[in-house]
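Okay, here's what each chain looks like letter by letter:
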Amino acid sequence: MYRFGKKVAFTLFGRSHGPCVGGVLSGIPAGFRIDMDAVEAEMALRKPTGKIGTPRREADSPCFVQGVRDGVTNGNPILIKIDNGDTDGSKYMKFYDTPRPGHADLPALMKFPDHDIRGSGQFSGRLTAAVVAAGAVAKQFISGYGVGVNAFSRSIGSVEDASARGSDDAAASRGFPTRACTADLDESMRLEIERAGAEGDSVGGVVECIITGLPIGFGGIWFEALDAELSLAMFGIPACKGVEFGDGFALAGMKGSESNDAYRFDGNRIVTSTNHMGGIVGGMCDGAPVVFRTAFKPTPSIGKVQHTVNLRTSEDDTVQVTGRHDPCIVPRAVAVVEAMAALTVADQIARGYRWSSAR
Ligand SMILES: Cc1cc2nc3c(=O)[nH]c(=O)nc-3n(C[C@H](O)[C@H](O)[C@H](O)COP(=O)(O)O)c2cc1C
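Residues numbered from 1 in each chain as written. Predicted model: local features only at pLDDT ≥ 70, side-chain atom pairs only at ≥ 80, totals over all residues. Heavy atoms only, no water.

S.K.: How should the side chain of serine 259 be read in this particular structure?
M.R.: Its location among the elements puts serine 259 in helix α7 (residues 256-259). In this structure serine 259 touches Leu251, Met254, His276 and Met277, once residues within four positions along its chain are discounted. (Helix = DSSP H or I, 4+ residues; strand = E, 2+ residues; numbered from the N terminus. Contact = heavy atoms within 4.5 Å.)

S.K.: Whenever I open this one, the sheet that holds strand β11 (residues 240-245) confuses me. Can you help?
M.R.: Where strands meet in a sheet, backbone hydrogen bonds hold them as pairs that are either parallel or antiparallel. Reading across from one edge, β9-β8-β10-β16-β11 is the order of the five strands in this open sheet, with antiparallel pairing throughout. At either end of the open sheet lies a strand with only one pairing partner, and these are β9 (159-160) and β11. Against the sheet, helix α6 (residues 226-235) engages β10 (205-212), β11 and β16 (290-296), with an angle of about 160° to β11. The strands that helix α8 (residues 330-350) touches are β8 (148-156), β10 and β16; relative to β8, the one it contacts most, it runs at about 150°. (Pairing = 2+ DSSP bridges. Axes fitted to C-alpha atoms, helices over the stretch in contact; angles between N-to-C directions.)

S.K.: Just to check I follow, could you spell out the sheet that holds strand β7 (residues 78-83) for this structure?
M.R.: Read from one edge of the open sheet, five strands run β1-β2-β3-β7-β4, paired in antiparallel fashion. Here the strands that pair on one side only, and so sit at the sheet edges, are β1 (2-4) and β4 (63-66). When strand polarity is set aside, the average angle formed by the axes of neighbouring strands in this sheet is 25°.

S.K.: Looking at this structure, I do not really get the packing of helix α3 (residues 128-143) against α8. What am I missing?
M.R.: The description of two helices packed together rests on the angle between their axes and the distance between the axes. Remark: α3 packs on α8, axes separated minimally by 7 Å, with the N-to-C direction vectors making an angle of 50°. Judged by the inter-axis angle, α3 sits oblique to α8. The crossing of α3 and α8 is left-handed. Facing α3, whose interface residues are Thr128, Val131, Val132, Ala134, Gly135, Ala138, Lys139, Phe141 and Ile142, α8 presents Ala335, Val336, Glu338, Ala339, Met340, Ala342, Leu343, Val345, Ala346 and Ile349. Its residues assigned to classes, the contact of α3 with α8 comprises 15 nonpolar, two polar and two charged. (Parallel < 35°, antiparallel > 145°, perpendicular 65-115°, else oblique. Left-handed = near helix turned anticlockwise from the far one by under 90°. Nonpolar A, V, L, I, M, F, W, Y, C, P; charged D, E, K, R; others polar.)

S.K.: Can you walk me through the site of the ligand in this structure?
M.R.: Surrounding the ligand, one finds 14 residues, the nearest of these being Phe123, Ala239, Lys297, Ser301 and Asp326. Here alanine 239 contributes a backbone N or O atom positioned 2.9 Å from an oxygen atom of the ligand. Measuring from a nitrogen atom of the ligand, one finds a side-chain N or O atom of histidine 325 at 2.9 Å. Look at the ligand: alone it shows 640 Å² of surface, and the protein chains cover 87% of it. (Near = heavy atom within 4 Å. Polar contact = N/O pair within 3.5 Å; in protein donor to acceptor, adjacent residues only side chain to side chain. Areas by Shrake-Rupley, 256 points an atom, 1.4 Å probe, with all protein chains shown as cover.)

S.K.: Is there a simple way to think about the side chain of aspartate 347 in this case?
M.R.: Along the polypeptide, aspartate 347 turns up in helix α8. Not counting residues up to four positions away in its chain, the partners in contact with aspartate 347 are Gly5, Lys6, Lys7 and Val8.

S.K.: For this particular structure, what's the right way to read the pairing of β7?
M.R.: The side chains of a regular strand alternate, first on one face of the sheet and then on the other. Only one face of β7 is covered, namely the face carrying Ile78, Ile80 and Ile82; the face carrying Leu79, Lys81 and Asp83 is uncovered. As paired strands, strand β3 (residues 20-26) and β7 are joined by six bridges and run antiparallel to one another. Pairing of glycine 22 across the sheet is with lysine 81, part of β7. Looking at chain direction, β4 and β7 are connected through three bridges and run antiparallel. What sits directly across from phenylalanine 64, in β7, is isoleucine 80. (Buried < 20%, exposed > 50% of the residue type's maximum accessible area, 1.4 Å probe, protein only.)

S.K.: Would you mind showing me how to read the packing of helix α1 (residues 36-46) against α3 here?
M.R.: Taken N-terminus to C-terminus, the directions of α1 and α3 make an angle of 140°; their axes are 9 Å apart at the nearest point. Here α1 lies oblique to α3, going by the angle between them. Crossing of α1 over α3 shows right-handed handedness. Contacts from Ala38, Val39, Glu42, Met43 and Arg46 in α1 reach Thr128, Ala129, Val132, Ala133, Ala136, Lys139 and Gln140 in α3.

Structure, rendered in structure tokens:
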């Protein structure tokens, strides 16, 4: 069981080829009506499609086992269960001897002698189904405070969306399988993924997430800073290898006169003229939308022959992956990024960090 959050807390469990994956979401108050159609819509966005996702097909219909009655929360922890159906562990057995480079096999086998490697066990992206289900509830909870979370594919492989994007663009990406913002980019990103897949290879990319509606002062400080907790949330997603806020690493090469976001009044509201900081200073919101990017590595399981070690013979060896895998994680990870961001914000709202009167 893997726990995230303090007051709105989420505990994740399951394995790729066990009977189910699921989670326990606590801290959502009693009397909150969950829109189950909206939950299903979020689940659909994580499902693989066409040749840009794994051929594994799952119903992914979450069952709210307890904590919800007739669609309304009763204040108890919400237990969410999602059955695993379409499992085939046969292609994974050789990884006991020859662990896949880039995946968790080697450290997992050293750490857990009885590790169930089928489907990559508890290290599988499969568990993100439960994350998205819980995140869908969190999204509804925070929308009651006027907060929206929308993400999209900023880049996939060598295809980059170079345009400035807002939350409406990001929301429009829900209509495209790659989660690009436009039909043209969707086509280019799809071809990039299909080309890599046809070569037995994989590509990575960047998910950009935009959070709107947070008041100035929302967030924590030091280790409870909003950017610190969002980063923890993102790095908890398998295959995440980088997180940056606003101009991120590019800020390191700027002058202060270029990077500072000037304040001004817009009527009686304080706004920033630019958003180099990604909407967060001192761990708290400065009134601009929170904008951050999460980098996902290329899917580690690839069809090309790779060098590895043989743990049975204690010799160098090779391994070639032949199972069912996503040639790119990014299109499916967009829903997961949104879910983890919504859980983070829900938790900080529940902790009172803070719903300021200055909103
Ligand atoms: C939605 C999603 C789907 C994934 N699908 C695959 C996959 O099909 N094959 C694979 O090898 N890794 C896949 N991964 C990535 C692995 O789970 C991940 O690389 C592995 O657990 C090692 O963890 P690390 O990359 O964070 O170090 C997926 C991740 C996510 C978030």
